[in-house]
Amino acid sequence: MKKLLLSSVFAVSAFALAACGTAGSGEAGSSESSKLIVGASNVPHAEILEEAKPLLEEQGVELEIKTFQDYILPNKSLAGEELDANYFQHIPYLESQMAENEDYDFVNAGGIHIEPIGVYSKKYKSLEELPEGATIIMSNSVADHGRILTMLESEGLIKLKEGVEKTTATVEDIAENSKDIQFKADVEASLLPQIYNNDEGDAVLINTNYAIDAGLSPQNDAIALEGADSPYVNIIAVNKGDEGKKEVKALVEVLHSEEIQKFIEEKYEGAVVPVDK
């Protein structure tokens, strides 16, 4: 998908408000530069966009990146046309937000990467070591609950009810819980690394972008990690009708390029997995 940290969000400046909508101002084939304003999470999204900047400049597109620390404001800003696109969320989260907000009419302009979600613990080295009645802390983003529970089921820790849709499963859909694991699912996603550092609970499920931003290595520090075949692809989201704009198409094309895919693979060493569709 993913407020106490709202004060850390970059305020949208009057200049940005005035500049919005300029993304479609340049004519195809024109040497005049056009602007694209994209909202993104700090890591890895904004880092990937920074790498894409010079490639977009070669196509006459000036990329401005607005960074956010939470999962709510990027969509509010997109709906308010303060952004031309955002890059921070996966499709199930996008769909859940559109279902909850009548003024959101977004589309997926292209999938860019997968961030395998991980389980972290300062007390235990594996899920098997978790004791009876252990507490697992996860985010309050309901769109991620099915994803998390499906991973824990694949690890043999729990079993979900027969016929439950995996992407929408909740804690109430757990059919078997042999260790009587207690789930705390009311924490803002951006606070999870601090929860982990405070050694709260027995294990903490942390989204990869927040884990990396906090200096954690999903490959080395997680005691369990979601498989790279996860369907939770992080996407470029735009307002419906904007997916055909040449600047948006150029952005997706650049992010799917060999240069950017290689950058993702080398920088994140498997903690972020590029996709090209």
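(A) The sheet that holds strand β6 (residues 135-139), seen in detail. Read from one edge of the open sheet, five strands run β9-β6-β10-β5-β11, paired in mixed fashion. Strands with a single pairing partner mark the edges of an open sheet, and in this sheet they are β9 (182-187) and β11 (224-225). Where β6 lies against strand β10 (residues 203-206), two bridges are found, and the strand directions are parallel. Opposite I137, over in β10, you have V204 as the bridge partner.

(B) Seen up close, the nonpolar core. Judged by nonpolar contacts, the single largest core of 30 residues is most densely connected at V38, I48, L49, I236, L251, L255 and I260. Elements with a contribution of two residues or more to this core: β1 (34-41), α2 (42-57), β2 (61-68), β3 (85-90), β4 (106-114), β12 (233-239), α9 (246-255) and α10 (258-268). Contact partners of L49, with chain neighbours within four places excluded, come to V38, A40, L63, I65, Y87, L251 and L255. I136, M138, L149 and F183 belong to the second-largest nonpolar core, a separate cluster that totals 23 residues.

(C) Here's a closer look at unusual backbone geometry. With omega at -5°, the peptide bond leading from V43 into P44 counts as cis. Relative to the elements of secondary structure, P44 occurs in helix α2. Even without a glycine there, the phi angle at D180 is positive, about 50°. Here D180 is to be found in the loop between β8 (174-176) and β9. Positive phi, normally seen in glycine, also occurs at D199, with a value near 60°. Note on placement: D199 falls in the loop between α6 (192-197) and β10.

(D) View of helix α4 (residues 91-100). For α4, the full list of buried residues reads P92, Y93, L94 and Q97. Those residues of α4 that are buried are in contact with α3 (73-79), β3, β4, α5 (142-154) and β12.

Criteria and thresholds
- Residue numbers here run from 1 along each chain, matching the order of that chain's written sequence.
- A pLDDT threshold of at least 70 governs which residues receive local features in this predicted model, and a stricter bar of 80 or more applies before side-chain atom pairs are shown or counted, although totals over entire chains, interfaces and linings include all residues.
- Only hydrogens and water are set aside; all other atoms, that is, all heavy atoms of the structure, feed into the side-chain values.
- DSSP bridges decide pairing: two strands pair if at least two such bridges lie between them.
- The way it works is that DSSP assigns letters per residue, a run of H or I at least four long becomes a helix, a run of E at least two long becomes a strand, and they are numbered from the N terminus.
- Buried Ala, Val, Leu, Ile, Met, Phe, Trp, Tyr and Cys residues form a nonpolar core when they are joined through side-chain atoms within 4.5 Å.
- The classification of residues rests on relative accessible area computed with a 1.4 Å probe and restricted to protein chains. Under 20% of the type maximum is buried, over 50% is exposed, and intermediate values are partly exposed.
- By definition, residues are in contact when any of their heavy atoms lie within 4.5 Å.

Without other data, these values stay purely geometric and don't point to any function.
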